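Examining the three-dimensional arrangement
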Amino acid sequence: ALAGCQTDNTADDAAETERAMDALTDEEQAAAAALDPEWPTGSYMEYETTPVVVRGDGEPRGAVLAAIADTDEKRQLGLSAAESMPTDGGMLFTYESVGDHTYIMPDMSFGLDIIYADASGEITAIHNAPEPSPDENGANQTYPGRGQYVLEVNYEWTANNNNVSVGDRLVF
């Protein structure tokens, strides 16, 4: 399992499909342009970033500027070195193919929503992972799912004014 959150990297070789790169609509481009350019910070300053828009029923539900965790080292670190994250910040974990992953919350200072998406970006699972309590380190908080992409955003971002649900789509 990976930290902040992290994953076990079990891959499904049958799903080598490339994710279809959708063009952002004008409304989605405007939402992406309004994202906080000050993220990522600290240990994540050198990470590449991409705007990620969640699209549901043909409409944008929310957007974040995501730091990209595309190596084993970056996926292992996850967000556990961050003390906080801006409201419109996130981390996008990418894998070569669809697989089963389990994310955990070790040493996290804040809660997260963990969004799994398949090769096409379709959301397959959403977990609301609260900040670990003061008497635990979060390693026992496990959040399994299946996907090629995992997007982490602030706790309850998927529900608070965004109404993100399974079946919606990540576009980046």
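Residues numbered from 1 in each chain as written. Predicted model: local features only at pLDDT ≥ 70, side-chain atom pairs only at ≥ 80, totals over all residues. Heavy atoms only, no water.

So, the overall build of the chain
Using the following cut-off: Counting from the N terminus, the helices are the DSSP runs of H or I reaching at least four residues and the strands are the DSSP runs of E reaching at least two. The cut-offs for exposure are 20% and 50% of the maximum accessible area for each residue type, with area from a 1.4 Å probe on protein chains only; residues under the lower value are buried, those over the upper are exposed, and the others partly exposed. What makes two residues a contact is simply this: any of their non-hydrogen atoms within 4.5 Å. Only the protein chains shown count as covering a residue, and every accessible area follows the Shrake-Rupley method with a 1.4 Å probe.
A count of helices and strands for the chain gives two helices and eight strands. Scanning the chain from its N terminus toward the C terminus, one meets helices and strands in the order β-α-β-β-α-β-β-β-β-β. Put simply, the chain has 172 residues, and 50% of those count as buried. For the chain, the share of sequence-separated contacts (at least 6 apart) that also reach a separation of at least 24 residues comes to 76%. In the structure as shown, the chain presents an accessible area of about 8000 Å², 45% of it carried by carbon and sulfur atoms.

What about the pairing of strand β2 (residues 49–56)?
Residues in a regular strand project their side chains so that they alternate between the two faces of the sheet. Keep this limit in mind: When DSSP locates at least two bridges between a pair of strands, those strands are taken to pair.
Taking burial as the measure, the eight residues of β2 include six buried ones, the bulk of the element. Remark: two residues form the turn of the hairpin made by β2 and strand β3 (residues 59–69), two consecutive strands paired antiparallel; Asp 57 in that turn has positive phi of roughly 55°. Here three bridges tie β2 to strand β8 (residues 169–171), and the two strands are oriented antiparallel to one another. Looking at β8, one finds that Val 53 is bridged to Val 171.

Quick word on the confidence of the model for the chain
The test is simple: The predictor rates its confidence in each residue with pLDDT, a number between 0 and 100.
Counting all residues, the mean pLDDT for the chain is 87, and 87% of those residues have values of 70 or more. A low-confidence stretch, residues 1–21 (pLDDT under 50), is modelled with 86 contacts involving residues beyond four sequence positions or located in other chains.

Quick word on the nonpolar core
Rules: What makes a nonpolar core is a set of buried Ala, Val, Leu, Ile, Met, Phe, Trp, Tyr and Cys residues whose side-chain atoms join them at distances within 4.5 Å.
With 22 residues, the main nonpolar core has Leu 79, Met 91, Leu 112 and Ile 114 as its most contacted residues. Mapped by element, the contributors of at least two residues to this core are β3, β4 (89–104), β5 (112–117), β6 (123–129) and β7 (142–154). Here this core gets four residues from one element, more than from any other, and that element is β4. Filtering out sequence-adjacent residues up to four positions away, Met 91 remains in contact with Tyr 44, Tyr 47, Ala 66, Ala 67, Ala 69, Gly 78, Leu 79, Val 150, Leu 151 and Glu 152. Counting residues in each nonpolar core, the second largest holds 15 residues, with Val 64, Ala 66, Leu 151 and Leu 170 among its members.

Here we look at the side chain of Thr 158
Mapped onto the secondary structure, Thr 158 falls in the loop between β7 and β8. Residue classification places Thr 158 among the buried residues on the basis of a relative accessible area of 4%. Not counting the four nearest positions on each side in its chain, Thr 158 is found in contact with Asp 113, Ile 115, Ile 126, Asn 128, Asn 163 and Val 164.

A closer look at the packing of aromatic side chains
Convention followed: Here is the rule: rings of Phe, Tyr and Trp (six-membered ring for Trp) pair when centre to centre is within 6.5 Å. Planes less than 30 degrees apart are stacked, more than 60 are edge-to-face, and the remainder are tilted.
Going through the model one piece at a time under the given rule, you end up with five aromatic pairs. Taken together, a centroid distance of 5.1 Å and an interplanar angle of 80° make the contact between Phe 93 and Tyr 103 edge-to-face. Note on accessibility: Phe 93 and Tyr 103 belong to one class, buried. Relative to Phe 172, the ring of Tyr 149 has its centre 5.2 Å away and its plane inclined at 75°; by these criteria the two rings are edge-to-face. With Tyr 149 in strand β7 and Phe 172 in the segment after β8, this pair connects stretches of sequence that are 23 residues apart. Taking the relative accessible area as the measure of exposure, Phe 172 reaches 19% and is therefore buried. Following the ring pairs from residue to residue traces out a cluster consisting of Trp 39, Tyr 44 and Tyr 47.

Some points on the pattern of salt bridges
So the rule is basically this: A carboxyl oxygen of Asp or Glu within 4 Å of a side-chain nitrogen of Lys or Arg is what we treat as a salt bridge.
Throughout the structure, instances matching the rule amount to six salt bridges. Arg 61 is paired through a salt bridge with Asp 57; the nearest N and O atoms lie 2.9 Å apart. On the basis of relative accessibility, which here comes to 75%, the residue Asp 57 falls in the exposed class.

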